[in-house]
Structure formats: C-alpha cells, structure tokens
Amino acid sequence: MTQLGISRATRTGKRLVGSATRVLIIALLILIAVGWWLEPKLFLTLQNLYVISGAASVPLLITVAASVALLAGVIDLSVGSMTGFGAAVFAICIGHGISPFVAAAVALCCAAAVGAFNASACVFFGANPLIVTLGTLTALQGLTLILLNNTSLEAFVPGLYNFTNATWAGVPVLLPIVLVFGAAASILLAVTRWGRHIRAAGGDSAVSNRAGIRVGRLKFFLFLLTAVIACVGGILYVGQDGAAQTTLGFGLELQIYAPILLGGYSLTRGGVGNVMGAIMGVAVLEVVDNILNLRSVNPYWQYIITGAIILAAVYADVLRGGERYE
Amino acid sequence: MVTSTSHGRLEKSRPWASPAARTAIVLAVIWAILVGVTEGFHPAFISIETLLAIAFSMAVVGVLSVGEAVIVISGGLLDLSVPASTAFSALCTAVVLNHLGSWPAAIVGIACGCAVGLINGALIVMTKINPIVVTLAVNFAGVGILNMAFGQEFPLLKSGLHDLGLNHIIGVPDITWIMLGVLILTALGLNQTRFGRHAVAVGGGSAAAKRQGISLAQVRIATFGFMGLCAGIAGVLYAAQSQLISPSDTSNLLFLPITAVILSGFSLQGGRGSMPVLILGIGLLSTVPTALIVMGLTPDWTQLAQGLLLVFAVSLDGIRIKRGPR
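Given the structure is predicted, the values throughout are model-derived calculations rather than measurements. (Residues numbered from 1 in each chain as written. Chains lettered and ligands numbered in written order. Predicted model: local features only at pLDDT ≥ 70, side-chain atom pairs only at ≥ 80, totals over all residues.)

K.L.:
Residue-level account of the overall build of chain A, with values.
P.N.:
If you tally the helices and strands in chain A, you get 14 helices and 4 strands. Its C-alpha atoms give chain A a radius of gyration of 20 Å, near enough to 20 Å, the size a compact globule of 326 residues would have. Projected onto the principal axes, the alpha-carbon positions of chain A cover approximately 60 × 50 × 35 Å. Here chain A holds 326 residues, and 51% of them are scored as buried. (Helix = DSSP H or I, 4+ residues; strand = E, 2+ residues; numbered from the N terminus. Rg over C-alpha atoms; globule rule 2.2 N^0.38 Å. Buried ≥ 20, exposed ≤ 12 C-beta atoms within 10 Å, placed from the backbone.)

Here it is, written out as structure tokens:
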C-alpha cells in the first residue's frame, strides 16, 4: 500500500531518481561514449547499428504491448515462452503446406486461447498473476518442446524472410515500424478515454470499478493483447531465422520486463510509467548487450546484469514512493 | 496442528469438517486416483522400484516444500530462488566431498544454502521490495554465477554421502527419513516455540503483529534464512543421489514444492496451513513426474503438467481468498 505521509526517503528518492526517461537518456549517452571508448573501430559503425536494431526490433514490439498492459497492472511473465510457442505453431502449419496467412491466423488464435487462460485464472479466480504466468511459462515451454519433438523445425517463408531482413538506410525496416507502433500506443494512452481507463484501472481497480470502468474486461483484453503480440514476435522470429528453434524465447520475459521496470514502471502497482520510458529501457539494455558481445564477455554475465538491473529498477520505484513490502 | 482458522464452533464438534481435514481427504483421493489410473495404463506401476523412486524424489521435494511452507505461512509470499540455492548447495557439497569427505561436505552445503536464504531476507528487509521479485532476480543472477563458476557438469566421487543416498531403513530410503524429520521438527517449531508462533502471527496479519511488538524484519530474515537452510539440506540430499551435477539440473525443483504447499491448503495470504497435510501434498506432487514417465511420456510432458498444476493451485487459492473471511 502506498503510504499517506511522504517519508524523507521518498523525497530524497524523488530528487535522486527524477524522471526515469530522462535518466535513461543520459545513461544511453554515457553508454554510447563507453562503447566508443572500449571498441572505437567496431561500436559506432553502420554494421553495428544494424546488429543492434536487428536484435532489438522484436523484443521492442513485445515490450510496447507488455508496457501498455502493465499500466493496467497486468503482468504476463509467459511472453517469452509464448514467443517460442507461437513460432512453433506457425512453423508446424507451414510444414503442413498451409498458406502463411492461414498459418499466422492459427498461431494467433492459439496465442489468444493461452492469453484467455491466463486472464481467467488472474481475473476471474483472483490468482496472483506473477505466479500464474510463471506456471504458464513452464507449461508453454513443455508444450513447445512436445510440438517440435525436441528439434528445431525449418520453415522458410520467402515473403516474410524478405520483409524481416529488409533494410532501409542501413536499418532493418522492422525497427521504424515498431517505433511507430510504440509512438501510436503512447499517443493513444495519453489522448483517448480508453488510455485513461487503463491508467485508472492500474492505479486503483476497486475505485475504477465503482466509477464504471469494466476493469475485469479491460484486464482480460490486455492479457489477450500481450499474448497475441508475443505470438506476432514469434512469427517474425521464424521469418528472420527461417526456422522455429526449440530454445526460442527462453529468458525473453526478463529481457522485456527489465527494461520496462527501468523505464519507470512498477511491478506491483499499475498506473505509473510511460511507453517511451520502456522503449528507452530497451535501447539501454540492447546497447549494454551489444558492448558485452563486442568485448566477447562470458554470456552468463548478462544473467547477472539483468538480475541486478531488475532489483535496482524496483528499488528505484520503492524510493519514488511505490509499493513498499511491509 | 498449525491451523489457525476462524471456523470456531463447527470445527470443534466435527473435526473432520475442518478445512485442513477436508484438504487432506481431497488430496488423498486425488493421489489414489492418480495411482489407480497409472496402474490401469501400466500394470507394473505399483512395485518396489516405483515406490522407491517416489520416496527418493519425495526427499528433495519434501525438504524444499517445508521451507516454502514456512515462507508462505509467515506471509512472505514465495521464495523463487530455490533452483539457484539448491544447485549452489549441491555443487559446493560436490567440491568439498571430492577433497575433504562427507561430513565437511554436508556442513558446507547446508551453510551455502543458508547464505543464499539470508541474502534474500536481508534484501527484502533493506529494500522493501516484494519477495517474489527479489527471489526471482536472485535466482536469475545466481544461475548465471553458478554457470560461470562451475562450468557445465561436475562429477562426484564415491563416498559415505552416497551410501546415505542409497541405504534404507525399514524399506524407506534414509534421505526420506531425513525429510520427515525436518518436517516434524519444523511443525513442532512453528507450533511450540514462541518464535514459530510469532512467524504464523505475522502471516495472519503483519500490521497487527507489529503492533504487538513482533519484529517483522527478524521474522523475514529468519524465515528466508530457514528456507535457505532447507534448500541447503535439499542440495546435500540431491548430491547424495547423483554422480554428475550441473547448475541447471535443479531448475525443475521450483514448481513442485510451491504447488505442493499451495495445494495442501497453505494460503498465499499467509497465516493458514497445516504441516501434517503437507505430507500428502508432497507425496502427490512427487508421484506426478514418476507416473508420467511410467506412462511413457517425455520429460517435456512433466514440464507441461507442472506448469498447469501450479496455475490450478494458485487459482484454487485465489478462490479461497475471495470466499474466505478476510
């Protein structure tokens, strides 16, 4: 519960942390300087920009959807496995000679069904979403491995391959499209009534309910949205790689929620944060990732850094006056 | 019994109608159905070998469940760092075992588990972050550190610890007796000692308990430290039954204990639950993987089943919290 009186720690925290997005922009500039200093020949090149934006596009797409949902207090840790699951269903349909559009429709329907499953448990039964979606995460991983029979499945779709790998002035075409999607979500949230309802439902769902907002229905829809967009991400990955990998999407959920939390969102209360912050968070994490890759650091360092970033970001939220545990 | 409910009069006149007794009966019936169905599919299921296999997996799952039960009943939500702390303990046991022998190995293993638990407790008390988030991040970072420090697979030499893992007393493996000992001691500790009753009181209502002069920080550090102790014991028991250990082996030990605890009637709200019923929950959840393997299904199916069972348990608990007296 948020406290009524603002403690001294909260005030100091507000001064220290400030607006998350502003801090992230400064952090990004510092990181770019560090990257340039460490790898002067490799870091600031067009090819590296292509590598970074290619790796960032799909996570960014899912991050935008997940950040809209988190604004209403909807958290879905199963997005990572959902990406792998969607890719598997799509690839299997392609393998059976079904046309890509129908295959995509089948995959999206499966994703919507899983989203509805998550939503029913969390909205109708009032179960803790963190734990429910953690369960779905494992279940979907198992289901993906069963569907793929434990081997990667090739599924080459020429049109999708050309689209996902097309470049425009050295940047994958996908990136500007995703950024436009993010900007649109940001504007919709700020301007429309629907956006205000989402923020209100996350801020205090009981009060919003009494004010006439159908919070249950809204949250149900947002669970569906996150699942479907994660599935779109999976289909795009199949386009990029020409196959559905068994390990696709492992750990992606933390790659998505860590930048969202960095961007000023709160895991335990909705209503705070904005989509631009989450997008900046993705940019910061991808640059860190890229620098570690260029320096060929042991990949397990990324686990440790992600863990530390999550704790630091949530602690920053506590200092800003977010929910304190006891 | 550690049950603290508000169903006063009814419960006294008809002890079988208490929530704990009802949960126990339901669990026993489901267990019997599971065994019956598996026996129907595969008539050799009820045999000494399968019973031993179940008893073996009950040992590790059981000790971890006891730790989670203490966390849940004291209102600490959950500890999701179990895979990291158990693997840390098992790997440290293996290292010391190969150099110094069984007893030092067991002590070092338990101490390592304890250390992770105390780190969790300290982080929660100092940062006021939700325990689910803290332990999720600690697990993620911990798995990264373990992979960097210990490499992929770590061999264990033959030793006295392995004899402990293989010996039986009255047909039941030694390590299962150890698990039962831990469970009984914990039940007595929660029920009979002042500190144990304080922990249950904090789970029932942390604000009220604080007003009574109970230190929440002490309870949190002690309960998470105890969870670490249990993970340490589980790690030693795990090392006692394996020849090769790798840091990712324990990843499937996260869901079984949590599901066992919640299905046994421990509410995530805290303050409620019965240790004797937990034995049935542990037995049921330890039977599931063995039953699926006997039915000829791959481990991927076990993963799917574990995830679905967890979602089912948490949904059940959600309904219980919605209906029950606040």
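Alright, that's what it looks like, and here's the rest.
K.L.:
So what's going on with the overall build of chain B? Residues and values would help.
P.N.:
Tallying secondary structure elements over chain B gives 14 helices and 4 strands in all. For a compact globule of 326 residues, the expected C-alpha radius of gyration is about 20 Å, and chain B comes in at 19 Å, within 12% of that figure. Over its C-alpha atoms, taken along the principal directions, chain B stretches across nearly 55 × 50 × 35 Å. Here chain B holds 326 residues, and the buried ones make up 54% of them. Taking the contacts inside chain B whose residues are at least 6 apart along the sequence as the reference set, 80% of them involve residues at least 24 apart. (Contact = placed C-beta atoms within 7 Å.)

K.L.:
Got a sec to walk through helix α12 (residues 255-263) of chain B? Specific residues and values, please.
P.N.:
Burial analysis of α12(B) places 9 of its 9 residues in the buried class, the great majority of the element. If you check which residues of α12(B) are buried, you get Phe255(B), Leu256(B), Pro257(B), Ile258(B), Thr259(B), Ala260(B), Val261(B), Ile262(B) and Leu263(B). On its buried face, α12(B) sits against α6 (129-148) of chain A together with α2 (19-41), α3 (48-73), α4 (82-99), α13 (275-294) and α14 (299-323) of chain B. Looking one or two residues beyond α12(B), the residue adopting positive phi is Gly265(B), at roughly 100 degrees.

K.L.:
So, the confidence of the model for chain B: which residues are in play, and what are the values?
P.N.:
Residues and elements named next belong to chain B. Taken residue by residue, chain B gives an average pLDDT of 87. The fraction at 70 or more is 94%. Residue range residues 1-13 is modelled with pLDDT below 50. Its contacts to residues more than four positions away, or to other chains, number 28 contacts. Model confidence for the complex: the whole-complex pTM is 0.87, and ipTM, which rates the interface, is 0.86. (pLDDT = per-residue confidence, 0-100.)

K.L.:
Provide a residue-level description of the environment of Phe117(A), including the pertinent values.
P.N.:
All names here are of chain A. Checked against the element boundaries, phenylalanine 117 lands in helix α5 (residues 100-124). Its 18 C-beta neighbours within 10 Å are what place phenylalanine 117 among the partly exposed residues. Each C-alpha atom, one on phenylalanine 117 and one on threonine 136, is 8.9 Å from the other, the two residues being 19 residues apart in sequence.

K.L.:
I'd like to hear about the interface of chain A and chain B, residue by residue, with values.
P.N.:
Between chain A and chain B, the residue contacts involve 37 residues of the former and 39 residues of the latter. Counting residues per element, the ones that place at least two in the side of chain A that touches chain B are α6 and α14 (300-319) of chain A. Top contributing element to the side of chain A that touches chain B by residue count: α6(A), with 13 residues. Split into classes, the residues belonging to the side of chain A that touches chain B amount to 24 nonpolar, 11 polar and 2 charged. (Nonpolar A, V, L, I, M, F, W, Y, C, P; charged D, E, K, R; others polar.)

K.L.:
Run through the nonpolar core, naming residues and quoting values.
P.N.:
The tendency in soluble globular proteins is for nonpolar side chains to be buried as a group. Counting residues in each nonpolar core, the largest one holds 214 residues, and the members touching the most others are Phe90(A), Ala107(A), Val63(B) and Cys230(B). For Ala107(A), the residues in contact, after removing those within four places along its chain, are Gly86(A), Val89(A), Phe90(A), Cys93(A), Cys231(A) and Ile235(A). (Core = buried A, V, L, I, M, F, W, Y, C linked by C-beta atoms within 7 Å.)

K.L.:
How would you sum up α4(B)? Please name residues and give values.
P.N.:
The end-to-end C-alpha separation of α4(B) is 26 Å, in line with the 26 Å expected for 18 residues at 1.5 Å each. With 15 of 18 residues buried, α4(B) lies mostly within the body of the structure. (Expected span 1.5 Å × (residues − 1).)

K.L.:
Please give an account of the environment of Gly242(A) that cites residues and values.
P.N.:
All names here are of chain A. Checked against the element boundaries, glycine 242 lands in the loop between α11 (215-241) and β4 (243-244). Owing to 16 C-beta atoms within 10 Å, glycine 242 belongs among the partly exposed residues under this scheme. Spatially, the C-alpha atom of glycine 242 lies 9.0 Å from that of leucine 160, the residues being 82 residues apart in sequence. In contact with glycine 242, not counting residues within four places along its chain, are Glu154, Ala155, Phe156 and Tyr161.

K.L.:
If you had to explain the packing of helix α8 (residues 174-192) of chain B against helix α11 (residues 216-240) of chain B to someone new, which residues and values would you point to?
P.N.:
To describe two helices that pack against each other, one gives the angle between their axes and the distance between the axes. Residue and element names in this part refer to chain B. With their axes 11 Å apart at the nearest point, α8 and α11 run at an angle of 170 degrees to one another. Considered as vectors, α8 and α11 are oriented roughly antiparallel to each other. In this structure, α8 contributes Ile175, Ile178 and Val182 to the contact, and α11 contributes Cys230, Ile233, Leu237 and Ala240. Considered class by class, the residues forming the contact of α8 with α11 number 7 nonpolar, no polar and no charged. (Axes fitted to C-alpha atoms, helices over the stretch in contact; angles between N-to-C directions. Parallel < 35°, antiparallel > 145°, perpendicular 65-115°, else oblique.)

K.L.:
Provide a residue-level description of the packing of α5(A) against α11(A), including the pertinent values.
P.N.:
Residue and element names in this part refer to chain A. In the contact formed by α5 and α11, the axes pass within 8 Å of each other and the chain directions differ by 145 degrees. Remark: the crossing between α5 and α11 carries right-handed chirality. Mapping the contact onto sequence places Ala104, Ala107, Leu108, Ala111, Ala112, Val114, Gly115, Ala116, Asn118, Ala119 and Val123 in α5 and Gly216, Lys219, Phe220, Phe223, Leu224, Thr226, Ala227, Val228, Ala230, Cys231 and Ile235 in α11. Here the contact of α5 with α11 is composed, by residue class, of 17 nonpolar, 4 polar and 1 charged. (Left-handed = near helix turned anticlockwise from the far one by under 90°.)

K.L.:
Quick one: what's the story with unusual backbone geometry, residue by residue and with numbers?
P.N.:
Residues and elements named next belong to chain B. Even without being glycine, leucine 77 reaches a positive phi, approximately 60 degrees. With respect to the helices and strands, leucine 77 occurs in the loop between α3 and α4. A positive phi angle, near 60 degrees, is found at lysine 128, a position not held by glycine. Along the chain, the position of lysine 128 falls in the loop between α5 (102-127) and α6 (131-150).

K.L.:
Go over the environment of Trp194(A), please, and point to the residues and values.
P.N.:
Positionally, Trp194(A) belongs in helix α9 (residues 193-203). Separated by 24 residues in sequence, Trp194(A) and Leu218(A) place their C-alpha atoms 9.2 Å apart.

K.L.:
Give a detailed account of the confidence of the model for chain A, specifying residues and quantitative values.
P.N.:
Residue and element names in this part refer to chain A. Summing up the model confidence of chain A, the mean pLDDT is 87 and the portion of residues at 70 or higher is 94%. Note that pLDDT drops below 50 for residues 1-6; the model gives that stretch 5 contacts with residues more than four away or on any other chain. Low pLDDT, under 50, characterises residues 13-18; the predicted model gives this stretch 9 contacts beyond four residues in sequence or across chains.

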